[in-house]
Every structure is written in C-alpha cells, then in structure tokens.
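Chain by chain, the residues:
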Amino acid sequence: GGGALTNPFGGGPAAPITSPFGAGAPPPPTASAGYSQSRMAVPPPPTAKQQAERQQQQAQQQYIEPPPSGPSQHHTAAAGGAGRYSQYYREQNVSYPDVASPQNQPAAPDPFAEQRLKECADFSAPPHFVRSTLGKLPNSQSLKQKLHIPISLSFQPLAPVPQGYPETPSVSFGSLGTVVRCKRCRTYINPFVQWEANGRRWLCNLCGYVNETPSFYYCSLDDTARRSDRFERPELCNGSVEYIAPGEYMVRPPQPPVFVFVIEATISSVQSGLLQAAVASIKECFQSGHMPGMQPNNSRCQIGIITFDSAVHFYSLDQSQQLPQMLVVPDLDDLFLPTLPENLVVNAKESETVITSLLDMLPNMFAKTKAQESCLGSAMKAAYMAMKHVGGKMLVFASSLPTVGELPLKGSRDNPRLLNTDKEVELLRPVDDNHKHFAVEMTRVQISLELFCAATQYMDVASLAPLVKFTSGELHYYPSFNIHTLGEKLRGELWRVLTREMGWEAVMRIRVSKGWRIANFYGHLYIRGMDLLVVPNCHADQTFSVGLEMEEAVVQDPVVCVQCALLYTNSSGERRIRVHTICVPVTQSFSDISASIDVQATATGLCHQAIETAIKSKMSDGQSFLSGLCGQIIGAQGTPGQGNQEVVRLLPLYVLGMLKSLAFRATNDVPADLRVYHWTRLETLPVVMMAAFFYPRLLSVHNLAGEEGNKDESGRVALPQQLNLSVERMTQDGAFLVEDGEQMMMWIGRAVSTSWLQSVFGVPAIEQLHPETAESQIGSSGDPTGTKVANVLTEVRAQREPPYMKLWVIRQGDPVEPRFFAALIEDRHQGLGLPLSYAEFLQKIGTRPPAQAAPAPVGAAGAAHAGAAAGYYNQTRAY
C-alpha cells in the first residue's frame with residue numbers, strides 16, 4: 001500500500017541518489033545575502049599630479065557630443081551615452097582620462113578604502129532589480145578564461161519590490177535645473193562618483209571624465225571626501241532611483257495607456273471558446289477599474305477593438321453613438337481605415353457604455369460563423385493603422401494559422417519528421433524576415449504587441465515570435481486550447497497583462513566602465529543604432545540581460561560600474577527615468593571570485609547563450625554547449641571539497657533541468673511551436689522564475705502538519721518542506737504537488753487515504769475523482785484539510801505570478817502520468833532524451849569518480865534540497 005514507488009519508466013527501481021547538498025549542508029544564500037557577498041572597493045581619490053594631468057587634457061581636448069540615435073530628440077536625450085561609448089571615442093580620436101594606470105597610482109593606500117567598500121555594498125542596486133553572475137570580476141583575460149563563467153547581468157528595471165525592501169525613491173530637481181549627468185558619457189549621478197576640489201568637481205565612475213558641479217548642486221565635502229549631504233539626496237545613497245524627467249526629455253505630450261484588442265472570430269476560435277474567453281476576460285478587467293488610466297483621478301486610458309476572420313471588422317466606438325458601429329473591410333489587398341482613427345481608438349471612460357455593449361454583443365455576433373480562413377496579418381496591420389498616431393499595446397488573440405491577407409503562413413512547414421534531427425532548427429527559425437520588418441515598423445511608433453496563441457493546430461509560432469520579441473511584448477501559448485481546461489489560465493494571464501505596472505514609449509541604455517564592453521543583449525527589445533534599446537512597453541515582469549567582455553590591452557580599474565537607465569512614461573502621464581547602478585570589485589584572487597558566483601544568474605546566462613547557439617547552428621550544439629561548459633565550470637572549482645561547493649552542487653542540477661526541459665529536450669515529441677514558445681519565454685524571464693522552471697518544486701500535500709497550509713497574520717501561507725525531485729521521495733499512499741512556474745501537477749497515489757479524498761475533493765474513492773473538474777472541488781466542502789490544500793495552491797500561485805499556473809490533477813496510472821514524472825529531473829528517464837540521473841550526469845561531465853557513480857539512497861534526509869531554492873521562493877513572494 002504505502003511503499004516507495006518504482007521507476008515508472010521501467011528498468012527496475014529508480015536509480016538511488018544522494019541529495020545534491022549532502023546531509024546537513026547549509027542552504028544556499030538568499031537573493032539578498034548571496035548578492036551582498038560581492039561588494040566592492042572604489043578608486044582612491046586622485047593625487048595632485050592626476051588632477052593637473054586631467055586639467056591639461058581638458059584644456060587641449062574639444063568636447064564631442066555623442067552621435068544622435070533613435071527616432072526623436074527626447075529619445076536621444078533620454079538615455080544619453082552608452083556601454084559602447086569607449087569605441088565611439090576611439091573612433092573620434094578622443095582618449096579617456098587615465099584613472100588607474102600604474103605610473104600614477106598613489107604611493108599610500110586609500111585611508112577610506114574600508115569605508116568605501118561598505119558603502120558600495122550598501123548603495124548598489126538591490127538584487128530584485130539587478131543580478132550579476134559574479135560578485136567580483138577578474139582583472140585579466142587569463143583569469144576570466146580559467147573561470148569559464150559567462151559574465152552577464154540581468155536587469156528587471158520595474159520589478160516589484162519584495163517584502164522588506166524600501167520603495168524606489170523619486171528624485172525631482174524641479175526648477176533648480178536639469179538632471180545631473182556626465183557631460184561625456186551621459187552617466188547619471190550616482191553613489192559611486194568621486195568628488196574633488198571640496199565638491200566643485202566630480203569624477204565620472206564610468207568614463208573617468210571630470211565634471212564641474214552645477215552651482216545648484218554644490219555641497220562641501222566632509223573629512224572622508226564625501227558630500228556632507230549624501231544621505232539627504234537619494235541619488236547619492238541609493239543604487240536605484242527614479243528621476244522625474246524635466247521638459248527637455250519630452251517632444252510631445254506623454255503617451256496615454258492605449259490598448260487595442262485584435263480578436264480572431266473564425267469557426268476555430270468560436271468552437272474552442274477563445275472568442276468567448278477573451279471577450280469575457282477583457283470585460284471583467286475593463287469594469288474592474290484596475291486597468292491603467294481607468295481610475296477616478298486618471299481617465300487617460302484609450303481602447304480599440306478589432307475582430308477578424310477572412311475579413312477585418314472595425315468598430316466605431318464614438319461616445320456620441322448609443323451602440324457600436326461595425327465596419328467590415330473585405331478587400332485585404334487595399335486595406336484602409338473606414339473611419340477616423342479617433343473613432344476606432346477612444347477614451348475608455350467617455351465611451352464606457354459603447355465598449356461594454358460591444359463586448360456583450362461579440363459572442364452572439366459570431367456564434368454561427370462558418371468562416372475558416374484567418375487574415376491575422378491584415379488584422380494586425382489594421383490595428384497598426386488605427387493606433388500609430390498615439391502608440392500603445394496591441395493585444396492579439398489567435399487560434400489558427402493565418403492563410404490569407406498580409407503575412408500569410410503555410411501549414412506545410414510543419415514537419416514532425418525533422419524533430420530531434422540536425423534539421424529541426426529549420427522549424428525553429430522564422431520562415432522569412434517579414435514579421436520582423438513589421439515589428440520594427442511598430443517600434444517606430446511606440447507599439448508593443450502581446451500575442452495570445454490559443455492554438456487548435458500548428459501555427460508556425462517561430463515566424464510569429466519576432467512580433468513580440470522586437471516590440472518588447474510577450475508570447476502566451478495555449479496548446480490544444482479549450483475554454484474549459486485553459487480558459488482560466490488565459491483569464492489570469494490577461495488580467496496580469498492589463499493591470500501590472502507599465503512604462504510606455506520607453507527607451508533604455510546600459511553603460512559600463514571603461515575597459516569593458518557590452519558584447520550581447522538578451523531580451524525582448526529592438527536595438528536602434530549602436531546601443532539604444534527601444535522598449536515600446538516595459539512592464540514589471542520583464543527582464544533584460546547583457547553579456548560583458550573585457551577590452552583588450554586595457555589596465556583594469558579597481559571596480560567596474562554598470563548603469564541601466566530606462567526613460568519611460570508611467571500610466572499617470574509622468575515622464576520618469578528609472579536608474580539602476582551596481583558597483584562590482586575587480587580582483588586577481590580566483591577563490592574570491594569563485595566564492596562570489598551567483599548560481600541562478602549563471603544558469604540564466606548559460607540558458608541565453610545555449611538558445612542563441614541552437615538557433616544559429618542546431619539543437620545538438622546548444623545541448624553540447626550546456627553540458628560542456630557546465631563541466632568546465634565545475635572542473636575549474638578544483639577537486640571535490642574545494643572551490644565553491646554551492647556551484648559544484650547546484651549548477652549541474654540546473655543544467656540537467658535545462659537539458660530535460662521542453663526547451664532543450666532531445667526527443668521527437670516536442671512540437672516546434674511548443675519549443676519556440678519556451679525559448680521566447682525564457683528570453684525575458686526573471687532569474688528566480690528561470691531557476692524554478694529548470695528545477696521545479698516538489699511538495700507533499702497529503703500530510704500537512706502543524707501550521708502548514710494555514711494563513712498567518714499577514715495572509716501568507718506556510719508551505720510544506722520541499723522534497724528532492726526523485727520518485728524515491730514519493731509513496732503510493734500520498735499526494736504530491738510539483739510546480740515549475742508555468743504549471744502545477746498534483747499526483748495522487750492509488751493507496752491514498754479515502755478520508756483525505758473526502759476532505760479535499762468530496763469523493764469517497766479515487767475512481768470517482770474526475771481530473772477535469774477536480775480543481776474546482778478542492779476545499780469546497782469546508783473541511784480543514786481541504787482548506788489547507790487550497791491555501792497551499794493559492795500561496796504557490798501568488799509566489800509565481802505571472803503566469804497563472806493551471807493545476808492538472810493526475811491519478812496514479814493515468815495515461816498522462818509520465819508528464820508528472822518528467823519533472824523529477826534527478827531520476828533516470830528513458831523518454832527525456834537524456835536518460836541520466838543526477839549522479840550519472842555528474843559523472844558524465846567529469847565531476848565525480850566512477851567509484852562514486854552509485855551512491856547510497858537518500859534515506860531520511862530526503863528534504864535536503866529544500867534549501868536549493870526555497871530561500872528565494874520564501875523571501876521573494878513579490879515575484
């Protein structure tokens with residue numbers, strides 16, 4: 001009855017494994033603790049000789065304004081210089097002032113070095129905004145190559161602030177003057193600049209240029225060479241601040257929140273329930289008052305609605321009308337707007353009655369449709385024409401392959417025989433560049449596209465993906481969509497999209513200290529010019545990453561500073577500049593660098609590079625890159641017991657999870673659409689969510705004890721201890737929940753207690769439990785046990801938002817049971833393309849001697865992995 005499970009994939013018992021953390025091993029550091037290992041020494045104050053040399057250089061050199069880039073003046077002014085400006089100044093024959101060359105280093109040590117080290121640790125941007133793979137950087141190429149760690153940083157500029165952290169302070173210079181920035185590289189003033197001449201000049205911490213302090217910003221220095229008012233000015237004591245932009249950052253009135261909904265109305269959309277689900281979700285959010293610009297003191301929101309099948313259907317929503325007016329344009333070769341754009345995209349408050357009427361009418365209007373063909377491309381072009389005068393967010397709901405009109409696609413491209421071959425990558429690349437070109441056109445008028453693919457068939461997601469990638473949008477994919485199974489997931493994700501914090505008509509620049517350059521950008525954005533990142537709509541869940549490389553033959557400064565500046569309009573119509581600055585020390589100590597490795601950020605960097613490798617070459621190259629580089633990183637940590645043991649234990653676990661995930665699994669049962677969806681999602685996923693996807697969380701829910709499942713005074717729920725991802729931790733008389741941030745699955749053993757079934761689901765036997773309706777029954781009886789299980793599900797969803805995680809209830813022996821066991825990555829699975837257990841994977845990458853390939857069973861210490869990510873899970877609920 002209650003014995004341990006055997007391996008569900010055959011071949012005898014599952015391979016026994018030990019916890020990757022060892023018995024009694026301490027949990028890895030939390031997000032904040034792990035990040036604070038790193039911080040930093042700053043350059044010593046310049047000597048009199050240095051000051052004289054700089055003044056002479058300034059007298060001889062003419063200031064050169066950085067070249068303009070971007071679509072308009074306020075975009076250029078918004079983000080200023082950038083991470084690659086060192087290249088620009090070399091081209092212009094302008095050299096940076098020498099800050100830390102050997103010939104002008106001061107003879108005496110900096111008396112304030114220890115104090116500045118502490119200030120750098122305190123003042124850098126917090127980890128929910130910025131995560132770096134290394135907390136200390138190598139001072140030479142040889143040391144970097146020895147580490148094998150990709151040096152990258154992940155920025156989540158508008159991230160929610162976790163509990164325990166202060167809100168991002170706002171800074172306004174008002175009538176005093178403009179925002180204080182470096183005249184050369186346009187870096188924003190920050191805590192890590194150095195002050196000279198009793199505060200009359202300041203040394204840029206990125207390019208080394210000596211700037212005159214504006215008269216309105218002057219303050220004398222104290223005996224530590226710091227401004228005496230530094231704790232009164234947020235920008236001088238916080239790595240993350242938000243400036244209220246002055247008028248020079250605007251060339252037109254701030255963009256209002258604009259949402260244009262483009263909804264498929266074919267027979268496929270109607271029968272699957274997409275049309276009904278989309279319209280009901282839009283109406284619910286519209287009437288809730290939670291959409292930006294829909295509050296009593298802020299009525300700037302604008303809305304437009306377009307439907308399509310083989311023709312495009314516009315709707316005039318002018319407030320003077322009692323009912324909406326439908327305007328059909330069947331000629332897709334000569335698409336035009338049948339009325340003024342101002343009648344198609346209207347103020348939501350003023351036309352609230354007309355909009356509500358249309359949402360009520362749409363399901364019935366198309367209930368008996370026979371239209372099968374989709375003109376998705378033409379519908380998106382129509383929405384673009386209707387909103388290009390103002391910009392905003394286009395939300396597209398599609399369920400079938402577009403076959404007529406503009407940007408048509410062909411179903412014949414779907415070729416399952418190519419899956420898991422070297423030619424599979426052909427299915428994962430866009431068929432052409434037409435969708436990318438259209439996306440670029442949208443960025444020029446500040447339009448971002450959000451795509452909801454409620455697929456009922458092959459949709460060539462690879463060709464559609466550039467529409468979201470280059471317009472800073474997101475792809476939501478619901479394979480085999482049916483309103484009864486995935487309608488709630490669509491509703492939850494659409495609600496999040498429409499209500500989260502957003503930045504409109506945004507541009508961004510990331511700058512880095514001299515001696516370093518930005519080699520790669522990752523995320524959903526468009527790079528205009530050399531380094532202007534165009535982000536028409538930046539939101540709270542969006543992450544951008546950069547890879548850093550050393551410049552050749554450059555003497556490294558004692559610290560490296562990186563600054564991310566996002567210029568955007570908030571939903572209240574205020575132009576803001578969100579600035580995040582991080583300071584990282586440079587060292588020649590291999591052990592210090594190794595101890596500062598952020599494993600989750602490193603796994604994120606590896607994932608981005610693996611996707612890039614796979615799409616440029618082939619899937620097997622991306623898979624080989626992951627396992628090969630993981631082995632090199634672990635090998636660099638030295639013999640077992642030496643080096644950073646957190647890296648040795650955790651990084652192979654995350655990489656093994658990558659190789660067994662739908663993103664990289666070497667099997668022929670992962671459709672091209674599904675794989676591209678996961679690639680697209682991983683490109684912009686926050687670090688914590690990325691770690692959760694590659695190492696899911698396994699919880700036992702049949703034996704909740706004590707306070708587990710109960711809410712505390714703050715409304716939070718105590719979760720049961722996390723278990724290793726192995727079948728060895730499961731029993732046939734139990735119920736287990738696994739979640740990866742994308743979905744939840746509850747496995748119920750055949751020998752589970754009937755009293756537990758009755759308490760949770762209201763059924764006396766497992767045979768009477770219907771998986772399709774089981775979730776709606778959890779906790780409905782009011783039994784304390786059922787309420788506890790329902791609370792656990794609610795808490796897990798709250799920690800993972802977004803996306804909304806659908807719960808799949810799976811009974812032991814059900815045909816879909818292998819989906820659950822596929823998440824147990826520490827076991828050996830023949831069907832996942834990598835039939836290796838965790839211990840066997842360690843041996844494969846050369847980190848465990850063959851004699852230790854079959855360690856002892858886990859035994860009673862089965863929850864040792866609870867610390868692997870639980871520190872992050874429990875302390876970052878705001879994600």
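In this text, all values refer to a predicted model and were calculated from it rather than measured experimentally. (Residues numbered from 1 in each chain as written. Predicted model: local features only at pLDDT ≥ 70, side-chain atom pairs only at ≥ 80, totals over all residues. Heavy atoms only, no water.)

A few words on the overall build of the protein. Looking only at helices and strands, the protein features 28 helices and 28 strands. Across the 879 residues of the protein, 61% fall into the buried class. Expressed as a percentage of contacts within the protein between residues at least 6 apart in sequence, the contacts between residues at least 24 apart total 76%. For the protein, the accessible area works out to roughly 31,900 Å², and carbon and sulfur atoms hold 50% of it. (Helix = DSSP H or I, 4+ residues; strand = E, 2+ residues; numbered from the N terminus. Buried < 20%, exposed > 50% of the residue type's maximum accessible area, 1.4 Å probe, protein only. Contact = heavy atoms within 4.5 Å. Areas by Shrake-Rupley, 256 points an atom, 1.4 Å probe, with all protein chains shown as cover.)

Reading across from one edge, E1-E3-E21-E18 is the order of the four strands in this open sheet, with antiparallel pairing throughout. In this open sheet, the two strands that pair with only one neighbour each are strand E1 (130-132) and strand E18 (516-522). On average, adjacent strands in this sheet sit at an angle of 25° to one another, irrespective of strand direction. The pairing of E18 with strand E21 (residues 544-550) spans six bridges and is classified as antiparallel. (Pairing = 2+ DSSP bridges. Axes fitted to C-alpha atoms, helices over the stretch in contact; angles between N-to-C directions.)

Remark: helix H23 (residues 754-761) packs on helix H25 (residues 784-800), axes separated minimally by 7 Å, with the N-to-C direction vectors making an angle of 65°. Compared by their axis directions, H23 and H25 come out roughly perpendicular. Considering the relative orientation of H23 and H25, their crossing is right-handed. Contact residues: H23 offers Trp756, Ser759 and Val760, while H25 offers Thr785, Gly786 and Val789. Residue classes in the contact of H23 with H25 are distributed as three nonpolar, three polar and no charged. (Parallel < 35°, antiparallel > 145°, perpendicular 65-115°, else oblique. Left-handed = near helix turned anticlockwise from the far one by under 90°. Nonpolar A, V, L, I, M, F, W, Y, C, P; charged D, E, K, R; others polar.)

The buried fraction of strand E11 (residues 312-316) is high, at five of five residues. Side chains of E11 alternate between two faces, with Val312, Phe314 and Ser316 and His313 and Tyr315 buried alike. Where strand E10 (residues 302-308) folds back onto E11 in an antiparallel hairpin, the turn is made up of three residues. Sheet analysis places E11 next to strand E12 (residues 325-329), joined by five bridges and oriented antiparallel. Bridge pairing in E12 links phenylalanine 314 to leucine 327.

Turning our attention to the layout of surface pockets. Approximately 1,200 Å³ is the volume found for the largest pocket. Here the lining of the largest pocket takes five residues from strand E28 (residues 806-811), the largest share from any one element. In the lining of the largest pocket, the residues fall into 26 nonpolar, eight polar and 11 charged. Approximately 800 Å³ is the volume found for the second largest pocket. Lining the second largest pocket are 26 residues, and of these Lys469, Phe470, Glu612, Ile615 and Glu683 sit closest to its centre. If you tally residues by element for the lining of the second largest pocket, the top one is helix H18 (residues 599-616), at five residues. (1 Å grid on protein atoms, 1.4 Å probe; cavity = no way out; pocket = protein on both sides within 12 Å on 5 of 7 lines; lining within 4 Å. Points joined across faces, edges and corners; volume = space filled by probe spheres on them.)

If a probe as big as a water molecule is rolled over the atoms, it shows which places are left empty. Summed over all chains, the structure comprises 12 cavities of 30 Å³ or more. Within this model, the largest cavity holds a volume of roughly 300 Å³. Counting only elements with at least two residues in the lining of the largest cavity, the list comes to strand E16 (475-477), helix H16 (483-499) and helix H21 (672-682). Partitioning the lining of the largest cavity into residue classes produces 11 nonpolar, five polar and six charged.

The tally for this structure, following the rule as stated, stands at 38 salt bridges. Its salt-bridge partner being lysine 393, residue glutamate 450 comes within 2.9 Å of it at the nearest N-O pair. With a gap of 57 residues between them, glutamate 450 in strand E15 (residues 447-453) and lysine 393 in strand E14 (residues 392-398) connect regions that are remote in the sequence. What makes glutamate 450 buried here is its relative accessible area of 0%. (Salt bridge = Lys/Arg side-chain N within 4 Å of Asp/Glu carboxyl O.)

Now for the packing of aromatic side chains. Throughout the structure, instances matching the rule amount to 17 aromatic pairs. Between tryptophan 756 and phenylalanine 761 the ring centres are 5.9 Å apart and the planes differ by 70°, which places this aromatic pair in the edge-to-face class. Considered together, tryptophan 756 and phenylalanine 761 belong to a single accessibility category, that of buried residues. Feature note: the residues Phe173, Tyr188, Phe216, Tyr217 and Tyr243 constitute an aromatic cluster, connected by ring pairs. Sitting over the face of the ring of phenylalanine 470, lysine 469 holds its NZ or CZ atom 6.0 Å from the ring centroid. Against the face of tryptophan 808 rests lysine 806, its NZ or CZ located 5.2 Å from the ring centre. (Phe/Tyr/Trp six-rings, centres within 6.5 Å; stacked < 30°, edge-to-face > 60°. Lys NZ or Arg CZ within 6 Å of the ring centre and 35° of its normal.)

Looking now at the sheet that holds strand E6 (residues 201-203). Taking strand neighbours across the sheet as the criterion, the three strands line up as E5-E6-E7 in an open arrangement whose pairing is antiparallel. At either end of the open sheet lies a strand with only one pairing partner, and these are strand E5 (194-196) and strand E7 (210-212). For this sheet, the mean inter-axis angle between neighbouring strands, taken without regard to orientation, is 30°. With three bridges joining them, E6 and E7 adopt antiparallel strand pairing. Bridge pairing links tryptophan 202 to asparagine 211 in E7.

Moving on, we get to the state of the cysteines. Using the criterion set out here, one finds zero disulfides in the structure. No disulfide involves cysteine 538; its sulfur sits 8.4 Å from that of cysteine 564, the nearest cysteine. (Disulfide = S-S within 2.5 Å.)

Here we take up helix H11 (residues 376-387). Compared with the 16 Å implied by 1.5 Å per residue over 12 residues, the 17 Å span of H11 between its first and last C-alpha is a close match. With respect to burial, H11 is a largely interior element, 11 of its 12 residues being buried. Inspection of H11 places Leu376, Gly377, Ser378, Ala379, Met380, Ala382, Ala383, Tyr384, Met385, Ala386 and Met387 among the buried residues, and these make up the whole buried set. (Expected span 1.5 Å × (residues − 1).)

Looking now at H18. Over its 18 residues, H18 extends 26 Å from the first C-alpha to the last, a length consistent with the 26 Å expected when each residue adds 1.5 Å. Within H18, 13 of the 18 residues are buried, which leaves the element mostly enclosed by the surrounding structure. Where H18 begins, the side chain of aspartate 598 points an oxygen toward the backbone nitrogen of glutamine 600, at a separation of 3.2 Å. (Polar contact = N/O pair within 3.5 Å; in protein donor to acceptor, adjacent residues only side chain to side chain.)

A few words now on the environment of threonine 731. Along the chain, threonine 731 turns up in the loop between strand E25 (722-723) and strand E26 (735-739). Given a relative accessible area of 23%, threonine 731 falls into the partly exposed group. Expressed as a C-alpha distance, the spacing of threonine 731 and glycine 749, which sit 18 residues apart in the sequence, is 7.2 Å. Within the local environment of threonine 731, its side chain forms a polar contact with the side chain of aspartate 733, the two groups lying 2.7 Å apart.

A few words on the confidence of the model for the protein. For the protein, per-residue confidence averages 84 on the pLDDT scale, and 82% of positions sit at 70 or higher. Considering only residues more than four positions removed or in separate chains, one finds that residues 6-46, a stretch of pLDDT under 50, has 119 contacts. Confidence over residues 49-108 falls short of pLDDT 50; this stretch has 139 contacts with residues more than four positions distant or in other chains. (pLDDT = per-residue confidence, 0-100.)

A word on unusual backbone geometry. For the bond running from glutamate 801 to proline 802, omega is -15°, close enough to zero to count as cis. Relative to the helices and strands, proline 802 resides in the loop between H25 and E28. Here the bond from proline 802 into proline 803 is cis, since omega is 0°, no more than 30 degrees from zero. Residue placement: proline 803 occurs in the loop between H25 and E28. Despite not being glycine, asparagine 198 shows a phi value in the positive range, around 55°. Relative to the helices and strands, asparagine 198 is located in the loop between E5 and E6. By relative accessible area, asparagine 198 is classed as partly exposed at 35%. Of note, the phi angle at aspartate 460 is positive, near 55°, even though the residue is not glycine. Mapped onto the secondary structure, aspartate 460 falls in the loop between E15 and helix H14 (461-464).

Counting residues in each nonpolar core, the largest one holds 151 residues, and the members touching the most others are Met394, Leu651 and Phe820. With residues near it in sequence (within four places) discarded, methionine 394 still touches Val260, Val262, Met380, Ala383, Tyr384, Met387, Met442, Ile447, Ser448, Leu449 and Glu450. Ranked by size, the runner-up nonpolar core spans 40 residues in total, among them Phe261, Val354, Leu359 and Phe452. (Core = buried A, V, L, I, M, F, W, Y, C linked by side-chain atoms within 4.5 Å.)

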